[in-house]
Every structure is written in structure tokens, then in C-alpha cells.
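Topology and contacts: notes
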Amino acid sequence: MCSVVGYVGADYSRKFVLEGLSRLEYRGYDSAGFACIDPDDNLLMYAKSDCKLRSLCARLEKEPIDGFVGIGHTRWATHGVSSQQNAHPHFDCEKLISVVHNGIIENHHVLKHELEAAGHTFHSETDTEIIAHLFEDSLSTYNELHGALVDLVGRLQGAYAFISLVQNYPDTIILVRKRSPLCIGIGQGEMFVASDMLAFAGKCRNVVFMPDES
Ligand code: GLU
């Protein structure tokens, strides 16, 4: 297992995302990461650690990044060793799309081969990185999020829950799930998302368990 956590709202996201990940440490993990959209320039920023969450927190204390939209991940490696390179978030070629993912993309070999043939360069051994590059490919065809996402999920096989931030859509958090859990907490002017509602327990009253394949 592993955990994905996200926040969008009027507050800065980092504190909630790191706290949420720490509440979900019971699920086990080998590395951790955080990404957000910098509110000053709308650039996608990230930090990763190849070990414990506390070293990610320490890195973020030293080199702080934060934003009103943020996502985080603790990884339990299924494809590729535990390393900085393989830690989430993963990105497309232009580093404009970030993805944190819980699950397995079963057809990643075929997709990677197709994407490499189309000119995409990969930087990790994970199945997750496929999602970011495939999303890049779909967005370049559809030029809008909904069509691109429908196309993307039509090409993925496996069990997955992923959260994505796209630099060109700086106020948006993208949630997709198929056979891996994802729940949403709705607060006052803010929204929490996580693999397990324990991540945001006590912060909001309304919780939605995302239906499968949504
Ligand atoms: N399959 C992905 C990986 O190996 C995600 C694993 C997880 O659920 O943490 O990076």
C-alpha cells in the first residue's frame, strides 16, 4: 500500500498534506514526496525524499515551497527500487504535469514502449511515470482536461488512484480512481482528498467516497 493526499482551498496546502501523510504512515512506505503550485508565479514545484517522511519535512523546512493546491505521496514500491528517482511525484517531459499514484498500471510496458517511440523520455523505473507522459500526450491532442482524462483512463489498465496537478490549470486538482480507494473531504471553501479519510478526520464534516471508475 501507500498513500496519496491532496488539498485545494483558501489555506496553504503543505501543512495539511504532510500531516495527512503522517496520519497514514500505518499503511507503510519507503519514500515520500510533495508538489504544489506556487501562488506567486503559478509554477509547479516539488520535493522528494528517498526515505522517511520526516526527511521530506526537514527538506521542506530548509527549502520551503507551498501553495493553495498541493499533493503528497508515500510510496510502497511495486515497480522499481526505492530511490529518490522513483519517489513520487512523477512528471511528463516538460515537467508541467505531476502525478502521485497508489496502485499498479498493468499495461505499463506496452505504453512505455509506445511513448518512447513517440519521443517521450522517462526518468524513473516506475509504472506511475507512464500516467504523466500519457496525460501529456492526451492533453496535446484534446487541449482540455476532460477530454484528455477520458482518453487517458481509456488507455490505462490496472488498479489505480492518482492525483495530478497541471501547471497550466493552476487552480485545479485532478482525481481519478479505479479499484484503489480515494475519498474527498468537503470543508468551508476547501477540499481534502486522501486514500483514507483518517488523513483529514476532524477537519470537515462531509465526506464523499469516490465511486469506482470516477
Ligand atoms: N506502482 C507505483 C510505484 O511503484 C505506486 C506504488 C504505490 O502504490 O505506492 O511507484
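Above: the structure in question.
It should be emphasised that the depicted structure is a prediction, and the values quoted were computed from it without experimental measurement. (Residues numbered from 1 in each chain as written. Predicted model: local features only at pLDDT ≥ 70, side-chain atom pairs only at ≥ 80, totals over all residues. Heavy atoms only, no water.)

1. Considering the site of the ligand
In the vicinity of the ligand there are 14 residues, among which Arg75, Thr78, His88, Gly103 and Asp127 approach most closely. Within the side chain of Asn102, an N or O atom sits 3.2 Å from an oxygen atom of the ligand. When the ligand is considered free in solution it has 290 Å² of accessible area, and contact with the protein chains removes 98% of it. Counting residues per element, the ones that place at least two in the shell around the ligand are strand E4 (69-75) and strand E6 (97-105). Element by element, the count of residues in the shell around the ligand is highest for E6, at three residues. Of the residues in the shell around the ligand, the class split is three nonpolar, nine polar and two charged. (Near = heavy atom within 4 Å. Polar contact = N/O pair within 3.5 Å; in protein donor to acceptor, adjacent residues only side chain to side chain. Areas by Shrake-Rupley, 256 points an atom, 1.4 Å probe, with all protein chains shown as cover. Helix = DSSP H or I, 4+ residues; strand = E, 2+ residues; numbered from the N terminus. Nonpolar A, V, L, I, M, F, W, Y, C, P; charged D, E, K, R; others polar.)

2. Observations concerning helix H2 (residues 53-62)
When we look at burial in H2, the residues that qualify are Leu53, Leu56 and Leu60. Relative to the axis of H2, the buried residues are bounded by an arc of 60° and lie together on one face. Opposite the buried face of H2, by more than 90 degrees, sit the exposed residues Arg54, Glu61 and Lys62. Buried residues in H2 make contact with helix H1 (14-23), strand E2 (31-37), strand E3 (44-49) and E4. (Buried < 20%, exposed > 50% of the residue type's maximum accessible area, 1.4 Å probe, protein only. Arc of directions from axis to C-beta. Contact = heavy atoms within 4.5 Å.)

3. Comments concerning the packing of H1 against H2
Following both chains from N to C, one finds H1 and H2 inclined at 165°, their axes separated by 10 Å at the closest point. With respect to H2, the element H1 is oriented roughly antiparallel. When the axes of H1 and H2 are compared, the crossing they make is left-handed. Contacts between H1 and H2 involve Arg14, Leu18, Leu21 and Ser22 from the former and Leu53, Leu56, Cys57, Leu60 and Glu61 from the latter. Here the residues of the contact of H1 with H2 sort into six nonpolar, one polar and two charged. (Axes fitted to C-alpha atoms, helices over the stretch in contact; angles between N-to-C directions. Parallel < 35°, antiparallel > 145°, perpendicular 65-115°, else oblique. Left-handed = near helix turned anticlockwise from the far one by under 90°.)

4. Side note on the environment of Val99
Its place among the elements puts Val99 in strand E6. The class of Val99 is buried, set by a relative accessible area of 0%. Distance in space between the C-alpha atoms of Val99 and Ser22 is 19 Å, their sequence separation being 77 residues.

5. Regarding the side chain of His108
Counting through the fold element by element, His108 comes out in helix H3 (residues 108-117). According to the relative accessible area criterion, His108 is buried, its value standing at 11%. At 3.0 Å, the side chain of His108 forms a polar contact with the backbone oxygen of Ile105. Dropping the residues within four chain positions of it, His108 is found in contact with His79, Asp127 and Ile130.

By themselves, these observations are geometric and do not establish any function.
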